[in-house]
Amino acid sequence: MASARQALRLAGRVRHFSSTAARPAAEVKRLGVIGAGQMGLGIALVAAQKAQVPVTLVDLSQASLDKGIAFAEKLLAKDVSKQRITQEQADAARGLLQPTTSIEDLSSVDFVIEAVPEIPQLKFDIFAKLAEVCPKHAILATNTSSISITRIAAATTGGKPTDTTNSSRVVSTHFMNPVPVQKGVEIISGLQTSPETLETAVAFCRRLGKVASVSADSPGFLANRILMPYINEAVICLETGVGDRDSIDSIMKNGTNVPMGPLQLADFIGLDTCLAIMKVLHSETGDSKYRPSVLLRNMVDAGWLGKKSGKGFYDY
Ligand SMILES: NC(=O)c1ccc[n+]([C@@H]2O[C@H](COP(=O)([O-])OP(=O)(O)OC[C@H]3O[C@@H](n4cnc5c(N)ncnc54)[C@H](O)[C@@H]3O)[C@@H](O)[C@H]2O)c1
């Protein structure tokens, strides 16, 4: 596994224009996570289990917090029943999760990861608030799938873009779904991100047992720049009758040794998420090769969003 320094060297393409006095990851003693949905809950649980730090888990919705905590308890109970961890370890991890509906409770975190829905203005507002609430050494990370890290960082400057006190601490830690299972994480620097921030993010992700890839702030970053056109092309093959659903999924599953084909994978990710990312790739690059498939748009318009809505390319 690459060390944090090696990862930084790998990131030779990433230019840095600012520096910051961020603490090294070994001193990340408390994590904050905003958004207790699919991704936020997974990140919080992995942090409690692997880094064994207290996690302040913030969500606007008490119902989401209750659902998330119940899901975490279910995952921990499953790990105990499969003898992957002991009951004591499960209890310790559960005890580290501290749900709250108040963002002000992030006032003593060393590192915060935002995982709210993929809505640009929502993320900008939250980062402006984090710059006010979190300690001045805290790393402010986003789990965005597609929004520019540079734009998110700019939201922390309070209208003074040349003051990088806050924006140099913004970075993306883009975890993969499901977080407890997937080892990969993309670490993306915005234009303002300092080398210290990047290094702290890489090192903290390693404490979570993840393998970090470093990339520049470019539409889709690495994972979605490669994955989403692949999924979109599979939908175009279905739409234009090149092959049926099962043939498309079968050839990719059995021919490229992936656990599921592209249409099933799209259902698991959420077709709305896939469409949103294709739209970003298309609009941000202006390149027609990223045009979302008509069928993908129609499926989303119909409310057939995949597994989460009970119907997508498959029925659930
Ligand atoms: N789902 C995936 O496969 C996946 C993979 C990688 C990255 N992402 C990214 O992760 C982020 C979260 O995605 P998700 O699938 O977990 O979403 P989700 O809809 O499952 O969860 C989002 C949570 O945020 C909460 N929330 C909304 N507004 C809030 C606010 N103002 N303050 C606090 N909490 C708020 C919601 O109540 C909800 O619990 C998005 O940026 C998404 O693009 C998703």
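Just above sits the structure.
These figures come from a predicted structure and were not determined experimentally.

A. Spotlight on the packing of helix α2 (residues 38–51) against helix α3 (residues 62–81). The geometry of α2 relative to α3 is characterised by a closest axis approach of 10 Å and an angle of 45° between their N-to-C directions. Here α2 is positioned oblique relative to α3, judged by the angle of their axes. As α2 runs across α3, the sense of the crossing is right-handed. Contact residues: α2 offers Leu41, Leu45 and Gln49, while α3 offers Gly68, Ile69, Phe71, Ala72, Leu75, Leu76 and Asp79. Along the lines of polarity and charge, the residues of the contact of α2 with α3 split into seven nonpolar, two polar and one charged.

B. Quick look at the site of the ligand. Taken together, 22 residues form the shell around the ligand, and within it Met39, Asp59, Glu118, Lys123 and Ser145 come nearest. Contacts to the ligand include Gln38, whose backbone N or O atom sits 3.0 Å from an oxygen atom. A distance of 3.0 Å is found between an oxygen atom of the ligand and a side-chain nitrogen or oxygen belonging to Asn143. Contact with the protein chains removes 81% of the 850 Å² of surface that the ligand exposes when unbound. When contributions to the shell around the ligand are tallied by element, the ones reaching two or more residues are α2, α5 (120–133) and β6 (170–175). Grouping the amino acids of the shell around the ligand by side-chain chemistry returns ten nonpolar, nine polar and three charged.

Rules and cut-offs
- Residues numbered from 1 in each chain as written.
- Predicted model: local features only at pLDDT ≥ 70, side-chain atom pairs only at ≥ 80, totals over all residues.
- Heavy atoms only, no water.
- Axes fitted to C-alpha atoms, helices over the stretch in contact; angles between N-to-C directions.
- Helix = DSSP H or I, 4+ residues; strand = E, 2+ residues; numbered from the N terminus.
- Parallel < 35°, antiparallel > 145°, perpendicular 65-115°, else oblique.
- Left-handed = near helix turned anticlockwise from the far one by under 90°.
- Contact = heavy atoms within 4.5 Å.
- Nonpolar A, V, L, I, M, F, W, Y, C, P; charged D, E, K, R; others polar.
- Near = heavy atom within 4 Å.
- Polar contact = N/O pair within 3.5 Å; in protein donor to acceptor, adjacent residues only side chain to side chain.
- Areas by Shrake-Rupley, 256 points an atom, 1.4 Å probe, with all protein chains shown as cover.

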